[in-house]
Number of protein chains: 2
Amino acid sequence: MVKSTTNEHGEDLLQLDTQICFALHATSRSFGGVYRQVLRDTGLTYPQYLAMMALWEHGEMPVKRLGELLRLDTGTLSPLLKRLDTAGLVKRDRSPHDERSVIVGLTAAGRELRAQAEQIPLKILAATGLEPEELIQLRTTLNRLTDALDSAAESLQD
Amino acid sequence: MVKSTTNEHGEDLLQLDTQICFALHATSRSFGGVYRQVLRDTGLTYPQYLAMMALWEHGEMPVKRLGELLRLDTGTLSPLLKRLDTAGLVKRDRSPHDERSVIVGLTAAGRELRAQAEQIPLKILAATGLEPEELIQLRTTLNRLTDALDSAAESLQD
DNA sequence: TGCAATCGAGTTGTGCACAACTCTCTTCTG
DNA sequence: CAGAAGAGAGTTGTGCACAACTCGATTGCA
């Protein structure tokens, strides 16, 4: 049995689907543009900012754990952390307990940057122009969507 | 006057904001993962698929117009089209009316690929696991969000 | 205990996104 | 009509995302 691709509003879901995905792609890039502006004087990119956020909140942790929090693999994270290291914001040291593991921690400069970054979320919040209720619902929908997509991708592996 | 950063549900909006943006980022990448699976035997990446979609729907058009449809600048589009050209799916010719303009059109192979790509939207739709109503609302919210972010980014230029 | 399997980081290669630039062609204006 | 200004495409350089790989450390199990 094949589901109809047109709903009661007369919208073609096949078309709609591509628009959803395209809209998401566009929104993601627009967010990137706003963050680029807001982060300009910190010298951070958005993914670097996310990494710093995680370290500000949780303190030092292994690269592995940071990758889980940010959902990034080492191919992305290693060079990113190298750049943060070069910028003097983080330090990386082998764990004495497990020589495979590298512990990422903040330097003094990295901790100091936190004060400068404090107003960033408010600026971003203002830029969204959405009401809190809408943001909450959007987040809920996105999280469900991410879970569904991840498990779909997994079941498509074969 | 400073707005409260905590709403009536006791959620910290500063935290929420970062979660929204992070959630969006995560969803965008999860979509990427599903498309990677689904597009595997076409040999296309997701942005390449978007470009092909635009050409299947609208026929040949200048690079400029394609960039507007996909919201991509030439720095992204030129090499992407070069790869599609190398793959034999599109052709690029200078416009006879305006030597600055390049017209992108489909080759026979590019047109044939459409049949193979026909079931892709349905697969993606299934992978989202969302009801049509939710998709429609999500699209609406995302479009508003994108507009707000774009105009915010513009006003932050200076 | 010894060795195979696994794990954690890092590297390499490809492609996307974007800023800043060049080059050519067109258009506008004095 | 000439030269300046602008438009359209492409290039260069940086950084992110991800697959596939290497390498050394650890773990597990025969």
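Small disclaimer: the values here were computed from a predicted structure and weren't measured.

Could you clarify how one ought to interpret the sheet that holds strand S2 (residues 90-94) of chain A in this entry?
Hydrogen bonds along the backbone pair up the strands of a sheet, which may run parallel or antiparallel. Residue and element names in this part refer to chain A. Across the sheet, three strands lie side by side as S1-S3-S2; this open sheet has antiparallel pairing. Pairing within the sheet leaves two strands with one partner each, and these edge strands are strand S1 (61-62) and S2. Across five bridges, the pairing between S2 and strand S3 (residues 102-106) is antiparallel. Looking across to S3, one finds that Val 90 is bridged to Leu 106. Helix H4 (residues 74-86) rests against S2 and S3 of the sheet, and its axis sits at about 120° to S2.

Explanation requested: the relation of the copies chain A and chain B in the structure shown.
For the pair of chain copies, the relating transformation is a rotation about an axis with a translation along it. Expressed as a screw operation, the relation of chain A to chain B combines 0.0 Å of axial shift with a rotation of 180°, fitting to an RMSD of 0.0 Å. Such a combination of turn and shift is consistent with a two-fold rotation axis. Of all interface residues in chain A, 100% are interface residues in chain B too; the two copies therefore contact each other through one and the same surface.

Whenever I open this one, H4 of chain A confuses me. Can you help?
Think of an α-helix as 3.6 residues a turn; residues three or four steps apart then line up on the same face. Residues and elements named next belong to chain A. The terminal C-alpha atoms of H4, which comprises 13 residues, lie 17 Å apart, in line with the 18 Å expected from a rise of 1.5 Å per residue. The set of residues buried in H4 consists of Leu 77, Leu 80, Leu 81 and Leu 84. Along the axis of H4, the buried positions cluster into a sector of 100°, meaning they face one direction only. Exposed positions of H4 whose direction lies more than 90 degrees from the buried face are Gly 75, Lys 82 and Thr 86. Buried residues along H4 sit against helix H2 (46-58), helix H3 (63-70), S2 and S3.

Any chance you could explain the pattern of salt bridges here in plain terms?
Evaluation of the coordinates by the stated rule reveals 13 salt bridges over all chains. As a salt-bridge pair, Arg 100 of chain B and Asp 98 of chain B come within 2.9 Å of each other at their nearest N and O atoms. Salt bridges sharing common partners tie together Lys 64, Arg 65 and Glu 68 of chain A.

Is there a simple way to explain the sheet that holds strand S1 (residues 61-62) of chain B in this structure?
All names here are of chain B. The sheet built from three strands is open, its strands ordered S1-S3-S2 with antiparallel pairing. Two strands close off the open sheet at either side, each with one partner strand: S1 and strand S2 (90-94). Helix H2 (residues 46-58) rests against S1, S2 and strand S3 (102-106) of the sheet, and its axis sits at about 85° to S3.

Sorry, what's going on with the protein's contact with DNA strand C here?
In the region of DNA strand C, 26 residues are neighbours, and His 25, Lys 64 and Thr 74 of chain A together with Thr 45 and Arg 83 of chain B sit closest. Expressed as a percentage, the sugar and phosphate content of the atoms of DNA strand C within 4 Å of the protein is 80%. At 2.6 Å, a side-chain N or O of His 25 of chain A approaches a phosphate oxygen of DNA strand C. Here Gln 48 of chain B contributes a side-chain N or O atom positioned 3.1 Å from a phosphate oxygen of DNA strand C. Those elements that provide at least two residues to the surface near DNA strand C are helix H1 (13-38), H3 and H4 of chain A together with H2 and helix H4 (74-86) of chain B. Residues that form the surface near DNA strand C fall into these classes: six nonpolar, nine polar and eleven charged.

Sorry, what's going on with the protein's contact with DNA strand D here?
As a structural note, the neighbourhood of DNA strand D is formed by 27 residues, with Thr 45 and Arg 83 of chain A together with His 25, Lys 64 and Thr 74 of chain B the closest of them. Of everything in DNA strand D that lies within 4 Å of the protein, sugar and phosphate atoms constitute 75%. Between DNA strand D and the protein, one listed contact pairs a base nitrogen with a side-chain N or O atom of Thr 74 of chain B at 2.8 Å. Contact between DNA strand D and Arg 100 of chain B: a sugar or linking oxygen at 3.4 Å from a side-chain N or O atom of the residue. Looking at the surface near DNA strand D, the elements that each hand over two or more residues are H2 and H4 of chain A together with helix H1 (13-38), helix H3 (63-70) and H4 of chain B.

Help me understand the packing of H2 of chain A against H4 of chain A, please; the structure alone is not making it clear to me.
In a pair of packed helices, the angle between the axes and the distance between the axes together describe the arrangement. Residues and elements named next belong to chain A. The N-to-C vectors of H2 and H4 enclose an angle of 80°; their axes lie 11 Å apart at closest approach. Relative to H4, the element H2 lies roughly perpendicular. Residues Pro 47, Gln 48, Ala 51 and Met 52 of H2 pack against Leu 80, Arg 83 and Leu 84 of H4.

When you look at helix H7 (residues 132-155) of chain A in this model, what are you seeing that I'm missing?
Helix length check: H7 of chain A, at 24 residues, gives a terminal C-alpha distance of 35 Å against a target of 34 Å (1.5 Å per residue), a fit within 8%. Every buried residue belonging to H7 of chain A is among Leu 135, Ile 136, Leu 138, Arg 139, Thr 141, Leu 142, Leu 145, Thr 146, Ala 148, Leu 149, Ala 152 and Ala 153 of chain A, and all of these are buried.

For this particular structure, what's the right way to read the side chain of Thr 107 of chain A?
All names here are of chain A. Following the sequence through the fold, Thr 107 ends up in the loop between S3 and helix H5 (108-117). Reaching out from Thr 107, the side chain makes a polar contact with the backbone oxygen of Gly 88 at a distance of 2.5 Å. Discounting chain neighbours no more than four positions away, the residues touching Thr 107 are Gly 88, Leu 89, Val 90 and Lys 91.

Parameters and conventions
Residues numbered from 1 in each chain as written. Chains lettered and ligands numbered in written order. Predicted model: local features only at pLDDT ≥ 70, side-chain atom pairs only at ≥ 80, totals over all residues. Heavy atoms only, no water. Pairing = 2+ DSSP bridges. Helix = DSSP H or I, 4+ residues; strand = E, 2+ residues; numbered from the N terminus. Contact = heavy atoms within 4.5 Å. Axes fitted to C-alpha atoms, helices over the stretch in contact; angles between N-to-C directions. Least-squares fit on C-alpha atoms with pLDDT ≥ 70 in both. Expected span 1.5 Å × (residues − 1). Buried < 20%, exposed > 50% of the residue type's maximum accessible area, 1.4 Å probe, protein only. Arc of directions from axis to C-beta. Salt bridge = Lys/Arg side-chain N within 4 Å of Asp/Glu carboxyl O. Near = heavy atom within 4 Å. Polar contact = N/O pair within 3.5 Å; in protein donor to acceptor, adjacent residues only side chain to side chain. Nonpolar A, V, L, I, M, F, W, Y, C, P; charged D, E, K, R; others polar. Parallel < 35°, antiparallel > 145°, perpendicular 65-115°, else oblique.

So, to be careful, I would describe these as geometric facts and stop short of saying anything about function.
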